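Here is how the chains run, residue by residue.
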Amino acid sequence: GRYKALFCPCTSCRLTTGFEITAWATVPRSNLFSLNGKALDISGAVEGLERYESSPDIDRFFCQNCGATAFYWDHRLKGSTRTEEVDVAAGLLRSKSGVLAENWLEWNRNVKYVEDAIDPKFVKGFVKALGEDQPIP
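What you are looking at is a predicted structure, and each value in this text was computed from that prediction instead of being measured.

Student: Please clarify how the overall build of the protein chain should be interpreted in this entry.
Tutor: Scanning the protein chain for helices and strands turns up 2 helices and 7 strands. Taking the principal axes of the C-alpha coordinates as reference, the protein chain spans close to 40 × 35 × 30 Å. Out of the 137 residues in the protein chain, the part that is buried amounts to 36%. A sequence separation of at least 24 residues applies to 45% of the contacts in the protein chain between residues at least 6 apart. In the structure as shown, the protein chain presents an accessible area of about 8,700 Å², 54% of it carried by carbon and sulfur atoms. If the 17 positive side-chain charges of the protein chain are averaged to one point and the 18 negative ones to another, these points end up 3 Å apart.

Now the structure itself:
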């Protein structure tokens, strides 16, 4: 029952986070809650977060106070599975199992969009360092 997680080197994520590779955890929208315990409805205004459209029907959210990247939501295909999922910036998660929150997340070592990276050589080195049969350090 762990959430899927991945690393993304695409230009859009790079411009959002300021780093070549962004770590995301894919979470069902139904599992997002505000601090008061109420379901978090990202289709409207979200207290404490700002939203902007980085591409048509792609919303990104960030903290109003510190600017930290929070969510990526792709709602291009209304009613699809993807519209019911949100990518949560994995760097926001706190876990007893460490920075990769491996007790919550199952990491996909297949990095997509390498061709869209500003430095494909760096991303290919990152992918090689992950190794297919080695745990992520």
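Student: Help me out: how do you make sense of the side chain of Thr26 in this one?
Tutor: Turning to its location among the elements, Thr26 is positioned in strand E2 (residues 22-28). Here Asp87 takes part through its side chain, which lies 2.8 Å from a polar atom of the side chain of Thr26. Residues in contact with Thr26, not counting those within four places in the same chain, are Tyr3, Lys4, Arg82, Glu85, Val86 and Asp87.

Student: How should I be thinking about the nonpolar core in this particular structure?
Tutor: The nonpolar side chains of a soluble globular protein tend to be buried, and buried together. Counting residues in each nonpolar core, the largest one holds 14 residues, and the members touching the most others are Phe7, Leu105, Trp107, Val111 and Val123. Breaking this core down by element, the ones donating at least two residues are strand E1 (3-8), strand E7 (105-107) and helix H2 (120-130). Counting residues in each nonpolar core, the second largest holds 12 residues, with Leu40, Ile42, Ala70 and Trp73 among its members.

Student: Would you mind going over the sheet that holds E1 with me for this structure?
Tutor: By way of backbone hydrogen bonds, the strands of a sheet pair with one another, either parallel or antiparallel. With mixed pairing, the 7 strands of this open sheet are ordered in space as E3-E4-E5-E6-E2-E1-E7. Two strands close off the open sheet at either side, each with one partner strand: strand E3 (49-55) and E7. Taken over all neighbouring pairs, the strand axes of this sheet differ in orientation by 30 degrees on average, direction set aside. Inspection of the sheet shows strand E5 (residues 69-74) paired to strand E6 (residues 85-89) by 2 bridges, in the antiparallel sense. Looking at E6, one finds that Tyr72 is bridged to Asp87.

Student: In this structure, what is going on with unusual backbone geometry? I would like to understand it.
Tutor: Negative phi is the rule for most residues except glycine; trans is the rule for most peptide bonds. Despite not being glycine, Ala101 shows a phi value in the positive range, around 45 degrees. Phi angles above zero are rare outside glycine, and Tyr113 is one such case at about 65 degrees. Along the chain, Tyr113 falls in the loop between E7 and H2. Relative accessible area serves as the criterion here: at 46%, Tyr113 is assigned to the partly exposed category.

What counts as what
Residues numbered from 1 in each chain as written. Predicted model: local features only at pLDDT ≥ 70, side-chain atom pairs only at ≥ 80, totals over all residues. Heavy atoms only, no water. Helix = DSSP H or I, 4+ residues; strand = E, 2+ residues; numbered from the N terminus. Buried < 20%, exposed > 50% of the residue type's maximum accessible area, 1.4 Å probe, protein only. Contact = heavy atoms within 4.5 Å. Areas by Shrake-Rupley, 256 points an atom, 1.4 Å probe, with all protein chains shown as cover. Lys, Arg positive; Asp, Glu negative; His and termini not counted. Charge placed at Lys NZ, Arg CZ, Asp CG, Glu CD. Polar contact = N/O pair within 3.5 Å; in protein donor to acceptor, adjacent residues only side chain to side chain. Core = buried A, V, L, I, M, F, W, Y, C linked by side-chain atoms within 4.5 Å. Pairing = 2+ DSSP bridges. Axes fitted to C-alpha atoms, helices over the stretch in contact; angles between N-to-C directions.

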